Amino acid sequence: MKQEPTAATMAGIYKLLDMELSDVNADIIRVQENAAAEMISETADGILDELKRIFIKMQDVWIYGDGSDQDPETIHACLTEIYRAGIQIAGMSVRLAAITRHGIIQSEPLKRIDGGF
């Protein structure tokens, strides 16, 4: 099974990244200088929390899907929660990429190069 996203998906992600980068730039300008580090930490923690939710729901699906209880509503509810968590992770991952991209753009070595030093 293929593990990598398609080229069209990646193009869409880069478009979303540009939109999110604009938002990150606005957020970081309004707050303290350590904002990027805090935003990275908070976003990464959010992704980790959602991943934990997915693993818990995956266990629920396997427990309910093992033949002992084939209640379609229960399985549907678990899969819906996994879907929602996946969407949250995707959004937070784009946000995390935008925050780190901002950090790359603003890093001191690049500032020296851009300034002609």
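Worth saying up front: this structure is predicted, and the values here are computed from it rather than measured.

Q: How would you explain the overall build of the protein chain if you had to name every residue and give the values?
A: The helix and strand inventory of the protein chain stands at four helices and zero strands. Along the protein chain, helices (α) and strands (β) appear in the sequence α-α-α-α when read from the amino end. Burial status across the protein chain gives 23% buried among its 117 residues. Relative to all contacts within the protein chain whose residues are 6 or more apart in sequence, the contacts with residues 24 or more apart total 74%.

Q: Which residues make up the confidence of the model for the protein chain, and what values do they have?
A: For the protein chain, the average pLDDT comes to 80, and 78% of its residues sit at 70 or higher. Across the protein chain, helix H3 (residues 72-106) holds the top mean pLDDT of 88, while helix H4 (residues 108-114) sits lowest at 59.

Q: Could you give me a rundown of the side chain of Thr 43, with the residues and numbers involved?
A: With respect to the helices and strands, Thr 43 occurs in helix H2 (residues 35-64). A distance of 2.7 Å separates a polar side-chain atom of Thr 43 from the backbone oxygen of Met 39. If we ignore the near neighbours within four places in the chain, the residues touching Thr 43 are Met 92, Arg 95, Leu 96 and Ile 99.

Q: Can you explain the environment of Gln 88? Please cite residues and give values.
A: Considering the arrangement of structural elements, one finds Gln 88 in helix H3. With relative accessibility at 43%, the residue Gln 88 sits in the partly exposed group. In this structure the C-alpha to C-alpha distance between Gln 88 and Gly 46, which are 42 residues apart in sequence, comes to 8.9 Å.

Q: Pulling in residues and values, what's your account of the pattern of salt bridges?
A: Inspection of the entire model under this criterion finds five salt bridges. A salt bridge links Arg 53 to Glu 50, with the shortest nitrogen-to-oxygen separation between them at 2.8 Å. Residue Arg 53 and its partner Glu 50 are located together in helix H2, separated by three residues, close to a single helical turn. With a relative accessible area of 11%, Glu 50 lands in the buried category. Salt-bridge contacts for Glu 81 lead to Arg 53; the nearest nitrogen and oxygen are separated by 2.6 Å. Linking Glu 81 in helix H3 with Arg 53 in helix H2, this pair joins segments that are 28 residues apart in sequence. Residue Arg 53 is classed as partly exposed on the basis of its relative accessible area of 34%. Via salt bridges that share partners, Glu 50, Arg 53, Glu 81 and Arg 84 belong to a single interconnected network.

About the criteria used
Residues numbered from 1 in each chain as written. Predicted model: local features only at pLDDT ≥ 70, side-chain atom pairs only at ≥ 80, totals over all residues. Heavy atoms only, no water. Helix = DSSP H or I, 4+ residues; strand = E, 2+ residues; numbered from the N terminus. Buried < 20%, exposed > 50% of the residue type's maximum accessible area, 1.4 Å probe, protein only. Contact = heavy atoms within 4.5 Å. pLDDT = per-residue confidence, 0-100. Polar contact = N/O pair within 3.5 Å; in protein donor to acceptor, adjacent residues only side chain to side chain. Salt bridge = Lys/Arg side-chain N within 4 Å of Asp/Glu carboxyl O.

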